[in-house]
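# Descriptive structure summary
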Amino acid sequence: IYTSQNYKKRGEVGEIALHAICRDFFGTVPFAPRVHYLTASNDVVKSFDMVHVKYLEQGAFELWLGEAKFYKDPDDAIASAIESVSAHIDAGFLKGEKLLLGPQISRNIPQYEQIRALFSQNASIDRLFETAVFPVCIACDSEAVANHKSHDGRYVAAAHQELERLNTRLKASGLLEKIRVMLIYVPLGSKEALATAFDKRLKGLQI
């Protein structure tokens, strides 16, 4: 994934969490490999953090274009997420993203032709919006985790309050009036401890 020593500022943990949550809980599957976007091993991918498809009934599908934030502070995380998603839905960004993603779409996925058509140069961005869901994953330090020792009702209530505060910020941004957003909250005991553990495991695999 990377070889940099500056692992505390990287966001791969959040991206992996977003991928796993959408895959396991919402039944989405990747439709393009993001590794092709990289030009060097330590580059940060400047694109959507997740590109999945969710198949619905009667041949319908949704494109899940995700953004993940792996931060210590929840307010900083949601502010950064709002800024990133706002930039991603800009017409200029999406036009370039269609050209970038289109050739990378796997030909082995169901309904390849219909999905590929949405990323053609001549396809309307409005058509892309009609089929798109934008999952936003916030993985950050949580007072609910820090203040509770078991996954009981009090912990769930405290974590739910944290989720609601994030959702209030999201509503105030105006994004929910423009696009379909799925807010995903991953409360952490310590962002720094998780980043360190992840880096240690990753570097061990690279030896």
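Now for a quick tour of the structure.

Cut-offs used in this document
Residues numbered from 1 in each chain as written. Predicted model: local features only at pLDDT ≥ 70, side-chain atom pairs only at ≥ 80, totals over all residues. Heavy atoms only, no water. Core = buried A, V, L, I, M, F, W, Y, C linked by side-chain atoms within 4.5 Å. Buried < 20%, exposed > 50% of the residue type's maximum accessible area, 1.4 Å probe, protein only. Helix = DSSP H or I, 4+ residues; strand = E, 2+ residues; numbered from the N terminus. Contact = heavy atoms within 4.5 Å. Pairing = 2+ DSSP bridges. Expected span 1.5 Å × (residues − 1). Arc of directions from axis to C-beta. Axes fitted to C-alpha atoms, helices over the stretch in contact; angles between N-to-C directions. Phe/Tyr/Trp six-rings, centres within 6.5 Å; stacked < 30°, edge-to-face > 60°.

By size, the foremost hydrophobic cluster in this structure holds 34 residues, and its most contacted members are F31, L63, I115, F119 and I138. Going through the elements one at a time, β2 (50–55), β3 (61–70), α2 (74–88), α3 (91–101), α4 (112–118), β4 (132–141), α7 (153–173) and β5 (181–188) are the ones with two or more residues in this core. When sequence neighbours within four positions are dropped, the list of residues in contact with I138 reads K69, A77, I78, A81, L166, L183, I184, Y185 and V186. In terms of nonpolar packing, the next biggest core, distinct from the first, is built from 15 residues, I21, C22, W64 and V186 among them.

Moving on to the pairing of β3. In terms of residue burial, β3 counts as a mostly covered element, since 10 of its 10 residues are buried. Side chains F61, L63, L65, E67 and K69 of β3 all project onto a buried face; the interleaved residues E62, W64, G66, A68 and F70 project onto the opposite face, where all are buried too. Relative to β3, β2 is paired through six bridges, and the arrangement is antiparallel. When the bridges of β3 are listed, V53 appears paired with L63. Joining the antiparallel neighbours β2 and β3 is a turn of five residues, in which Q58 adopts a positive phi near 60 degrees. As paired strands, β3 and β4 are joined by six bridges and run parallel to one another. Each residue of the ladder has a partner; that of K69, found in β4, is I138.

Quick look at helix α1 (residues 12–26) now. With 15 residues, α1 extends 20 Å between its outermost C-alpha atoms, agreeing within 8% with the 21 Å of an ideal straight helix rising 1.5 Å per residue. Just past α1, the residue G27 takes up positive phi, approximately 70 degrees.

Residues three or four positions apart in an α-helix share a direction because the helix packs 3.6 residues into each turn. The end-to-end C-alpha distance of α7, which contains 21 residues, comes to 30 Å, matching closely the 30 Å that a straight helix rising 1.5 Å per residue would cover. Considered for burial, the residues of α7 that qualify are Y155, A159, E162, L166, N167 and L170. End-on, the buried residues of α7 take up no more than an arc of 140 degrees, which puts them together on one face. Away from its buried face, by an angle of more than 90 degrees, α7 presents the exposed residues G153, R154, Q161, T168, K171 and A172. At its buried positions, α7 is contacted by α2, β4, α6 (143–147) and β5. Remark: G174 follows α7 within two positions and exhibits a positive phi of approximately 85 degrees.

This part is about the environment of E130. Among the secondary structure elements, E130 is positioned in helix α5 (residues 125–131). Taking the C-alpha atoms as reference points, E130 and L63, 67 residues apart in sequence, are found 9.3 Å from one another.

Turning next to the sheet that holds β2. On the basis of which strands lie adjacent, the open sheet formed by five strands has the order β1-β2-β3-β4-β5 and mixed pairing. With partners counted over all chains shown, the strands left at the sheet margins are β1 (29–30) and β5, one partner each. Bridge analysis of β1 against β2 gives two bridges, and the strand direction is antiparallel. Counted as the bridge partner of V29 is V53 from β2. Strand contacts of α1: β1, β2, β3, β4 and β5, with the helix running at about 145 degrees to β3, the strand carrying the most contacts. Contacts from α7 reach β4 and β5, with the element oriented near 135 degrees to β5.

Before going further, it helps to examine the packing of aromatic side chains. One pass over the full model with this rule turns up four aromatic pairs. Taken together, a centroid distance of 5.7 Å and an interplanar angle of 45 degrees make the contact between F31 and F119 tilted. Highlighted residues: F31 in the loop between β1 and β2 and F119 in the loop between α4 and α5, separated in sequence by 88 residues. Accessibility expressed as a relative area gives 3% for F119, which makes it buried. Following the ring pairs from residue to residue traces out a cluster consisting of F48, F129 and F134.

Everything listed here is a matter of geometry and, on its own, says nothing about what the molecule does.
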